[in-house]
Amino acid sequence: DPSRRIEARLHLLLQRFATGIAPLDRLVGGKLTLDGGLARLATGGFAFQNLIARGAYLDARLDGQIDLKQALVDVTAAVSDLHRFDGRLTGRADLTAKITGSLEKPDASALVTIPQGTALGRPIRDLKLTVLAKDVAAAPQADVTLAGDIGGKPAKGGLKLSRADGALRIENLD
């Protein structure tokens, strides 16, 4: 019955786990654990209660709920070794994000930080990538900014992304 709430407390160990997406599979390392609460809401959405996924080099956490009328989901993730994601990178990356809006029209804000590492052998310091996105599912629009230091030089920039009629549009590339 779709009008009923279904709740589950998960404690799963997935062996030989693979998505087919090579960078993600390298971060997970073939073994994924899931712990926490997951529910299908009577309102047609989902709830996450401290749902934690752990792989070899990736930890992620979801907490909140999203349904047809509203969303408030907090997401945190950490990549402990960027070299596993891309052989040209080293260091650690952290993500904090919030999903708002609704299931049909989700909005998202995210901050990715790399406190210290390297890219193509050049040092990275205090790199921050910020994304503010609206209507991510149907007609995405996003403001993206970058700030920090790469190779001892300031890295600063931004752009606006949008998609309409199947075409991706990039504006204000800075």
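About the criteria used
Residues numbered from 1 in each chain as written. Predicted model: local features only at pLDDT ≥ 70, side-chain atom pairs only at ≥ 80, totals over all residues. Heavy atoms only, no water. Helix = DSSP H or I, 4+ residues; strand = E, 2+ residues; numbered from the N terminus. Buried < 20%, exposed > 50% of the residue type's maximum accessible area, 1.4 Å probe, protein only. Lys, Arg positive; Asp, Glu negative; His and termini not counted. Salt bridge = Lys/Arg side-chain N within 4 Å of Asp/Glu carboxyl O. Pairing = 2+ DSSP bridges. Core = buried A, V, L, I, M, F, W, Y, C linked by side-chain atoms within 4.5 Å. Contact = heavy atoms within 4.5 Å.

### Let's talk about the side chain of D135
Now for step 1: Summarising the element assignment, D135 is placed in the loop between β9 (122–134) and β10 (141–150).
Now for step 2: Comment: no salt bridge for buried D135; closest opposite-charge side chain is K105, at 4.5 Å.

### Some words on the pairing of strand β8 (residues 106–119)
Now for step 1: Strand direction decides the pairing type here: strand β6 (residues 89–91) and β8, joined by three bridges, are antiparallel. Within β8, the position partnered with T90 by the bridge is T118.
Now for step 2: As judged from the eight bridges shared by strand β7 (residues 93–101) and β8, these two strands associate in the antiparallel manner. Directly across from T100, in β8, lies its bridge partner D107.
Now for step 3: The pairing of β8 with β9 spans 11 bridges and is antiparallel. Counted as the bridge partner of Q116 is R125 from β9.

### Things to note about the pattern of salt bridges
Now for step 1: Going through the model one piece at a time under the given rule, you end up with eight salt bridges.
Now for step 2: Between D74 and K98 there is a salt bridge whose closest N-O contact spans 2.4 Å. Note that D74 is positioned in strand β5 (residues 71–79) and K98 in strand β7, a separation of 24 residues in sequence.
Now for step 3: Here R88 ties to D86 by a salt bridge, and the two come within 2.7 Å at their closest N and O atoms.
Now for step 4: Assessed through its relative accessible area of 18%, D86 is described here as buried.

### Focus on the nonpolar core
Now for step 1: Core analysis: the largest hydrophobic core is formed by 10 residues, namely L27, L58, V79, L82, A93, I114, A119, I124, L127 and A155.
Now for step 2: Mapped onto this core, the elements with two or more residues apiece are β8 and β9.
Now for step 3: When near neighbours in sequence (up to four residues on either side) are disregarded, L27 contacts G55, A56, Y57, L58, V79, D81, R84 and F85.
Now for step 4: Core analysis: the second largest hydrophobic core is formed by nine residues, L51, I66, V75 and A97 among them.

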